[in-house]
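# Analysis of the macromolecular model
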Amino acid sequence: MNRFAYVEARLSSNETFVSRDSRVKIFDGDQKTDFEEGEVVLTTHRLFWGRPGEIARAAVTLCLPLSYVISLGEETTASNFFGRKTRIILHLRAPGPDKMPGPLDTSRATHIKLSGKNGLSMEFHSALRETLNARIWEISLTSETIIKGVDRSPTSDPVNDRLARIQKRTGIGGIERHLEAKAKATDENIALAFQDLSVLMTMAKDMVGLSKTISGRIREQKGEISDDETVRFKSYLMSLGIDDPVTRDNFTSNSAYFSSLAQQICQMLIDPIEEHGGMMSLADVYCRVNRARGLELLSPEDLLHACEQLRGPIRLRSFPSGARVLQLESHDDDLIAIDTLEKVQAAESLAVEELAKQLGISLLLAKERLLVTERLGKVCRDESVEGLRFYPNLLLQRD
């Protein structure tokens, strides 16, 4: 801290504002000081620190000439409210004999630290690093002359170029230019993304048209195409996720549309539902149906209306808990209870998540299977701090 001097916060004729940050505190080496919650202002030649409003009033504040800085470092430390934050470390050379009075006359520390409530901003950190690298204070020309020289001379020296870059990146104008460049880059990325999406949509529409053409030819030339070839064509279309999906455009009434849609859903899901133990939640049904339909997506309302039209071999079922599933008509509650009881007896007891993992079904369906089995009296529940478990009903085994 003995490198700081008390100076009025006024810019000299050859000095230019670079950046600022707020709520900054200063460490003398690793020791905390009373200089907290202040505002720090960086210029091309000096670093000012003052209480809120002091620098704006050009009051006497702490001032550190950048010529004292040997190197710049950083450290990461924990923060109570913001996770982790970064502190800036300035390694300093010894003060000169002509240094003006400051907060301390002597100090053992050879470095200071700048820290904020949640760390200093990246803009300030970057501006400080570039300013130190540019070493503008070593130039005797005024900043105005330097900037004009940079604009006028195509072969300006590297120091002038660095100053011009700092001038462009910092201050309010620098922030505005940064936001403008960021917005422009975002617009370009969005435009590029929509170009790719347009190509994808065009190709997908072509594939839909191709699949409809093939399906139409199969229907028209049924006698000329063998059954094996028909099955092969349909498998190709299903692998693409498209098999001539039912759409509203082909129907004049809602009843005919939902009836045809229900028939297609039944044909599409009868095998997957059987593989999943005879039941499938409406959420899984929605995902599977829309994945197979490609671009012709169904709304949840249309799917629900179509499922209500199902008459066999799949039907819509609502459980007392409010859960709604599609269930095979051949899998009634008695069959579900017998199958679930066998699983519980084989494991001696089962929790909901254990049955779900064993059958490869959702937790919702696993719980409903166990509750159905319980309602029929084949299993009993045990609720404890370890959770809910189901055990075989031993009363059924008594003579």
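The structure displayed is predicted, hence computed values, not measured ones. (Residues numbered from 1 in each chain as written. Predicted model: local features only at pLDDT ≥ 70, side-chain atom pairs only at ≥ 80, totals over all residues. Heavy atoms only, no water.)

Turning next to the overall build of the protein. Helix and strand counts for the protein stand at 11 helices and 15 strands. Relative to its full complement of 399 residues, the protein shows a buried share of 39%. Residue pairs at least 24 apart in sequence account for 57% of intrachain contacts in the protein once pairs closer than 6 positions are excluded. Element-wise, carbon and sulfur atoms account for 52% of the exposed surface of the protein, whose accessible area totals about 23700 Å². (Helix = DSSP H or I, 4+ residues; strand = E, 2+ residues; numbered from the N terminus. Buried < 20%, exposed > 50% of the residue type's maximum accessible area, 1.4 Å probe, protein only. Contact = heavy atoms within 4.5 Å. Areas by Shrake-Rupley, 256 points an atom, 1.4 Å probe, with all protein chains shown as cover.)

The subject of this paragraph is the sheet that holds strand S12 (residues 324-328). Pairing is antiparallel in the open sheet, where 3 strands are placed in the order S10-S12-S11. Looking at strand neighbours, the two that pair on one side only are strand S10 (279-281) and strand S11 (314-318), the edges of this open sheet. Along the sheet, successive strands turn relative to each other by an average axial angle of 30 degrees, direction set aside. Pairing of S10 with S12, which is carried by 3 bridges, proceeds in the antiparallel orientation. Within the sheet, the bridge partner assigned to Met 279 lies in S12 and is Gln 327. (Pairing = 2+ DSSP bridges. Axes fitted to C-alpha atoms, helices over the stretch in contact; angles between N-to-C directions.)

A few words now on the pattern of salt bridges. As enumerated under the stated definition, the model contains 13 salt bridges in all. Note that Glu 75 is salt-bridged to Lys 113, the shortest N-O span being 3.0 Å. One end of the pair, Glu 75, is in strand S7 (residues 69-79); the other, Lys 113, is in strand S9 (residues 111-116), and 38 residues separate them in sequence. Arg 369 serves as the salt-bridge partner of Asp 339, at 2.7 Å between the closest nitrogen and oxygen. Of this pair, Asp 339 sits in helix H9 (residues 333-347) while Arg 369 sits in helix H11 (residues 363-375), and the two are 30 residues apart along the sequence. When salt bridges with common partners are traced through the structure, they connect Asp 30, Glu 75, Arg 87 and Lys 113 into a single cluster. (Salt bridge = Lys/Arg side-chain N within 4 Å of Asp/Glu carboxyl O.)

This next bit is on the pairing of strand S15 (residues 387-392). Pairing of strand S13 (residues 350-351) with S15, which is carried by 2 bridges, proceeds in the antiparallel orientation. Its bridge partner being in S15, Ala 351 is matched across the sheet by Arg 389. Both strand S14 (residues 379-384) and S15 contribute to a ladder of 6 bridges, which runs antiparallel. Looking at S15, one finds that Cys 380 is bridged to Tyr 391. Turn length for the S14-S15 hairpin, with the two strands adjacent in sequence and antiparallel, is 2 residues.

A separate point is the side chain of Lys 25. With respect to the helices, strands and loops of the structure, Lys 25 is situated in strand S2 (residues 17-28). With residues up to four places along the chain from it excluded, the contact list for Lys 25 reads Phe 35, Glu 36, Glu 37, Lys 113, Leu 114 and Ser 115.

As a further point, take the confidence of the model for the protein. Looking at the protein as a whole, the pLDDT averages 78, with 73% of positions reaching at least 70. Across residues 140-148 the pLDDT falls below 50, and counting only partners more than four positions away or on other chains, this stretch makes 10 contacts in the model. (pLDDT = per-residue confidence, 0-100.)

Here the focus is the packing of aromatic side chains. For the structure shown, the criterion picks out 2 aromatic pairs. Consider the rings of Phe 35 and Trp 49, whose centres lie 5.5 Å apart with planes at 85 degrees: the pair is edge-to-face. Residue Phe 35 is located in the loop between strand S3 (31-32) and strand S4 (38-43), and its partner Trp 49 is located in strand S5 (residues 46-50); the two are separated by 14 residues in the primary sequence. Relative accessible area serves as the criterion here: at 17%, Phe 35 is assigned to the buried category. Its relative accessible area of 4% is what places Trp 49 among the buried residues. (Phe/Tyr/Trp six-rings, centres within 6.5 Å; stacked < 30°, edge-to-face > 60°.)

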